[in-house]
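# Summary of the model geometry
Single-letter residue listing:
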Amino acid sequence: MNKSAPIHSHGYWRSLAEAAKDGAYIGQAHREFPVAASEWTSDLSRRHFLKIMGASVALAGFAGCTKQPVEKIVPYVSQPPELTPGKPLFFATGTTLNGFASGIIVTSHEGRPTKIEGNPDHPASGGATSIFAQASVLDLYDPDRAQTLLYAGEPANWGSFLSAMESAMVAQAAKQGAGLRILTGTVTSPSLFAQMHSLLSVYPGAKWHQWEPLTRDNVRDGASAAFGQIVEAQYHFDKADVVVALDSDFLSTHPAALRHARDFAARRRVGNTAPDSLNRLYVAEPTPSLTGAMADHRLSAAAADIALLARELAAKLGVGASANGSNEWVNAAADDLKKSRGRGLVVAGEQQPPEVHALAHAINHQLGNDGTTVVYTTPAEPVPTAQLESLKQLVSDLKSGAVDLLVMLGCNPVFDAPADIDIAGALPHAKLCVRLGLDENETSRYCHWHIPAAHELESWGDARSFDGAASIIQPLIEPLYGGKSALEVIEALLHQPGRTGYDIVRDYWHLQAPADFEKQWRTALSKGLVPAPQPAAVSPVAKPPAAPASLAKAGGLEIVFRPDPTIWDGRFANNAWLQELAKPFTKLTWDNAALVSPALAAREHLENGDMIQLRFKGRTLQAAAWILPGQAENSVTLHLGYGRTRVGSVGSGAGFNAYALRTSDALWFGNGLEIAKMGGTYPLSSTQRHFNIEGRDIVREGTLADFKADPHFIDAHEEPLPGANDTLYKPGEFPYTGYKWGLSIDLNTCIGCGACTIACQAENNIPVVGKYQVGKGREMQWIRVDDYFRGPAESPQVTHQPVPCMQCENAPCELVCPVGATVHDNEGLNVQVYNRCVGTRYCSNNCPYKVRRFNFLEFNAGMTAVQKMVKNPDVTVRSRGVMEKCTYCVQRINEARIAAELADRKIRDGEVVTACQAACPAQAIVFGDLNDPASRVSKLK
């Protein structure tokens, strides 16, 4: 790794209690499993448990004689020629987040979508997927989705809605639409843009407002300040030798994060890249991020101090006036950028003010990075709206009584608008209010009409990715609840309700390419990309912004707002997969918390879970505290999206509502926060201390100099795992004359995003267990991402360690299973036979990596027919009382084996792609045949 650290196989810690060798923690860790994870209930002993299990085994014989009820199945009367029962179909489409698209390929079994992969032909994804794209199939089958069109809370129908809109629009025609308002999130859909243009042409007095809680207004205004025009910066991290991130989490929260992660990792992958050309990353940020964890040089700095650092960096590079002070981090970054002219890159975070963005553009221009590591393009559609001002104008118009008809498409401003913008008080002033949404949320209660929205996997549409590439969004299933798309709602306002979403999208693109349209349309649907010209690159000249009147170092406490790593801005709050995904660094599940630094916690006498009161600009919020290594000393971070009150059975009431403190003049951070410790604690479920590996240091790292001196330095300093040679099996006992499956994870490129965990959950029918069971150490994911810290708690180095089943050659689990449920096959897999397992869990006790999961409870019981549709039919849906673990996606191996045998050939390298491998944005995971010397995995080994 290109990090300044000696070879070190010890000294890692996963929590502050472990680093401090806290006695209570040591006592807990000595168990090897969290307290109560081994028992059915907290007062049930292991001896009593074995008695119960013994009785259960004795009764199993009687149960085996029970005749199951007859269940008749009916074949297709007329089987579609393109459909082979049991064989899935694959469709290229797109999914959006904050309006920007990424390309996906969806697996469909007999007409129901079950799994999402990235589209390798799409420039925004390159075949990767985010956790949000992976989990979207669960949202499709969410039983809490809005299922009925409502008027005043009572069921209605689409026809009555069309009649109401007809009357409203006739009234608007008489006043040229002066009373019509449309509110959407960020929109990149060319078809919807064309519709809105038509609507505003017919009703010139109408207004279109946009609001996204993760607004990019600062990016927009920063570009305008630097260039005098609005442009989009396209970053090419694969060409950058030195990267400086000014509070920018470009690997995770940027609209092009998937592409950034792939390009950045390409410069960290030894084998593709010569060691001398590995990139170097500098990050300054107030709270640890996935990008910060990858930094060679990370600086914990208050969010308000980033502008000072940016100005100092710019001055040292000849941009703007000189700045006072000398920061060691700034000096090192400036020196490296000077040495890498034309091959460096400075990136500002979306949450930083426009001045920081303008400085970043000016630095890149000064160093000659324009046209190489950063390319500027004009927006593909009309100039984006200044969203904060747009929302304020809408509220003003509502309160003045100027709004006759308000149509909201998918947004939820009552929940996520700034606390000082009273949207809830303004909405009742609208004479007629309509909302289209997947669920009946906090905003729906203020609306006359609520229209159930069609999921992106149920509807036609289109959208552009961050680089301007357009995708057609095509449905894979009929709307489960008769939902409508935004295109169909706007079409109703244009008096053309007869046109479907398909007609609208197809007609728009037909106008763009009238010649040979049918061929281009089929290509767009099959490839997932529209064969259309991309936005042209421009060469604007950046100028440094004028120095502010005063720019002082931040003092006192500041509050910092960030999107939640797993539920984003709150739109995924009802997604159980994402709620149970452990968040980076804290490993919290099912909640957010007020993140505080170790120094601040010591001053305020805080422990994890202590309730504190936060006071900011006259507003208060009570939240649980969590001590986070690497947090800036006087910064308190709140993740957005929790504290929802109307979201469904999964997410309602979880966590603390950070929007209650967020104001329009402190959208991302602000000084003047006050905190006070309250009485009592709040139960937080974190997996950070789970699955202690008993001092077995599976994380090994060293410096670039160490690697250049000896590429095998890890092996030379590696110590065997305790007990590794104490098994009955000896190396070489398994001959493996055919395939020998193996998996490699490159820790130099893994960014710790968790996409592998959600992909595995979707592929392998892994259930969620809930906050209470996670607190007992019973989470079920087959692959986890451990975070290891090293160094001082104020600014530690972080290493991500994905941990699946290692498919051990001499597997300790196999020796202790009394019923032979875990066995080694002739292709190198440690196989779990579910119907043999009786639940002794000896294998889990004997596993040195703690990667086995015992299914304590019937987590699949009580599912509705719609919920069951998300299950992968190629993988067993396990009942309670069996041990589960990673299988290297054996179903995918068998699928490739069948295809190879039919063609009378061997399985080709790369033909089997595991779910975790397919999802990984950094391409850190490689799977294949270790017996094939030409395979990628064999070469990596």
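Quick look at the structure, then. (Residues numbered from 1 in each chain as written. Predicted model: local features only at pLDDT ≥ 70, side-chain atom pairs only at ≥ 80, totals over all residues. Heavy atoms only, no water.)

## Focus: the overall build of the protein
- Of regular secondary structure, the protein possesses 30 helices and 35 strands.
- Considering only residue pairs separated by 6 or more positions, the protein has 73% of its internal contacts joining residues 24 or more positions apart.
- For the protein, the accessible area works out to roughly 37,000 Å², and carbon and sulfur atoms hold 54% of it. (Helix = DSSP H or I, 4+ residues; strand = E, 2+ residues; numbered from the N terminus. Contact = heavy atoms within 4.5 Å. Areas by Shrake-Rupley, 256 points an atom, 1.4 Å probe, with all protein chains shown as cover.)

## As for the packing of helix α10 (residues 306-316) against helix α12 (residues 354-366)
- At a minimum axis separation of 10 Å, α10 and α12 run at an interaxial angle of 20°. Compared by their axis directions, α10 and α12 come out roughly parallel. The two elements α10 and α12 meet at a crossing, and its hand is left-handed. Counted together, Ile306, Ala307, Ala310, Arg311, Leu313 and Ala314 of α10 and Glu355, Val356, Leu359 and Ile363 of α12 form the full contact between these two elements.
- Its residues placed into classes, the contact of α10 with α12 shows 8 nonpolar, no polar and 2 charged. (Axes fitted to C-alpha atoms, helices over the stretch in contact; angles between N-to-C directions. Parallel < 35°, antiparallel > 145°, perpendicular 65-115°, else oblique. Left-handed = near helix turned anticlockwise from the far one by under 90°. Nonpolar A, V, L, I, M, F, W, Y, C, P; charged D, E, K, R; others polar.)

## Regarding the nonpolar core
- The biggest cluster of nonpolar side chains holds 129 residues, and the ones touching the most others in it are Leu398, Leu406 and Leu614.
- For Leu406, the contacting residues outside a window of four places in its chain are Arg181, Leu183, Leu394, Leu398, Leu427, Ala430, Leu432, Cys433 and Val434. (Core = buried A, V, L, I, M, F, W, Y, C linked by side-chain atoms within 4.5 Å. Buried < 20%, exposed > 50% of the residue type's maximum accessible area, 1.4 Å probe, protein only.)

## Focus on the pairing of strand β24 (residues 619-627)
- For strand β22 (residues 594-596) and β24, the ladder comprises 3 bridges, and the chain directions are parallel. In the sheet register, Leu595 faces β24, and the bridge partner there is Trp626.
- Pairing analysis gives 6 bridges linking strand β23 (residues 610-616) to β24, with the strands arranged antiparallel. Opposite Leu614, over in β24, you have Leu621 as the bridge partner.
- Adjacent in sequence and paired antiparallel, β23 and β24 are bridged by 2 residues, among which Lys617 carries a positive phi angle near 50°. (Pairing = 2+ DSSP bridges.)

## Quick word on the side chain of Arg262
- When you line up the elements, Arg262 lands in helix α8 (residues 257-266).
- Buried charged residue Arg262 carries no salt bridge. Nearest counter-charge: Asp263, at 7.0 Å.
- Within the local environment of Arg262, its side chain forms a polar contact with the backbone oxygen of Gly126, the two atoms lying 2.3 Å apart.
- With residues near it in sequence (within four places) discarded, Arg262 still touches Ser125, Gly126, Gly127, Ala128, Cys920, Pro921 and Gln923. (Lys, Arg positive; Asp, Glu negative; His and termini not counted. Salt bridge = Lys/Arg side-chain N within 4 Å of Asp/Glu carboxyl O. Polar contact = N/O pair within 3.5 Å; in protein donor to acceptor, adjacent residues only side chain to side chain.)

## What to know about unusual backbone geometry
- Notably, Glu110 is not glycine yet its phi reads approximately 50°, a positive angle.
- Checked against the element boundaries, Glu110 lands in the loop between β2 (100-109) and β3 (112-118).
- On the basis of relative accessibility, which here comes to 34%, the residue Glu110 falls in the partly exposed class.
- Despite not being glycine, His605 has its phi angle at roughly 55°, a positive value.
- Structurally, His605 is set in the loop between α20 (598-604) and β23.
- By relative accessible area, which is 60% here, His605 ends up exposed.

## Section: the pattern of salt bridges
- Inspection of the entire model under this criterion finds 37 salt bridges.
- Glu117 is the partner of Lys115 in a salt bridge, and the nearest nitrogen-oxygen pair spans 3.5 Å. For the pair Lys115 and Glu117, one class covers both residues: buried.
- For Asp404, the salt bridge is made with Lys431, and the minimal N-O distance between the two is 3.1 Å. Here Lys431 lies in the loop between α15 (423-426) and β15 (432-437) and Asp404 lies in the loop between α13 (387-399) and β14 (405-409), a separation of 27 residues in the sequence.
- If you follow the salt bridges from partner to partner, you end up with Lys115, Glu117, Glu763 and Arg892 in one network.

## Observations concerning the packing of helix α16 (residues 486-493) against helix α17 (residues 501-512)
- Here α16 crosses α17 at 85°, and the two axes come no closer than 9 Å. Looking at the two axes, α16 sits roughly perpendicular to α17. Of α17, the residues touching α16 (which contributes Leu487, Glu488 and Glu491) are Gly501, Ile504 and Val505.
- Here the contact of α16 with α17 is composed, by residue class, of 3 nonpolar, 1 polar and 2 charged.

## Observations regarding the packing of aromatic side chains
- Under the definition given, this model contains 23 aromatic pairs.
- Look at Tyr151 and Trp449: their rings are 4.6 Å apart centre to centre, the planes differ by 40°, and that puts the pair in the tilted class. On the criterion of sequence distance, the pair formed by Tyr151 in strand β4 (residues 150-151) and Trp449 in strand β16 (residues 449-452) is long-range, its members being 298 residues apart.
- Assessed through its relative accessible area of 39%, Tyr151 is described here as partly exposed.
- Among the aromatic residues, those joined into a ring-pair cluster are Tyr151, Trp158, Phe161 and Trp449.
- Looking at Arg662, its charged tip hangs above the ring of Trp668, at a distance of 4.7 Å from the centre.
- Over the ring of Phe854 we find Arg841, and its NZ or CZ is 5.4 Å from the ring centre. (Phe/Tyr/Trp six-rings, centres within 6.5 Å; stacked < 30°, edge-to-face > 60°. Lys NZ or Arg CZ within 6 Å of the ring centre and 35° of its normal.)

## Comments concerning helix α6 (residues 190-202)
- With 13 residues, α6 should cover 18 Å at 1.5 Å per step; its first-to-last C-alpha distance of 19 Å lies within 8% of that length.
- Regarding α6, the residues found buried are Pro190, Ser191, Leu192, Phe193, Gln195, Met196 and Leu199.
- Residues of α6 that are buried make contact with α5 (158-174), β6 (180-184), β7 (207-210), β17 (461-464), α16 and α17. (Expected span 1.5 Å × (residues − 1).)

## Digging into the pairing of β16
- The alternating pattern of β16 places Trp449 and Ile451 on one face and His450 and Pro452 on the opposite face, and all of these are buried.
- Of the pairings in the sheet, the one linking β4 to β16 comprises 2 bridges and is antiparallel in character. Its bridge partner being in β16, Tyr151 is matched across the sheet by Trp449.
- The sheet contact formed by β15 and β16 spans 4 bridges and is parallel. Opposite Gly437, over in β16, you have Pro452 as the bridge partner.

## Examining the sheet that holds strand β10 (residues 280-285)
- Pairing is parallel in the open sheet, where 4 strands are placed in the order β11-β10-β9-β12. Either end of the sheet is taken by a strand with one partner, and the two such strands are β11 (297-300) and β12 (344-348). Direction aside, neighbouring strands of the sheet carry axes that sit 10° apart on average.
- Bridging between strand β9 (residues 242-246) and β10 involves 5 bridges; their strand directions are parallel. Paired with Ala245 across the two strands is Val283, which belongs to β10.

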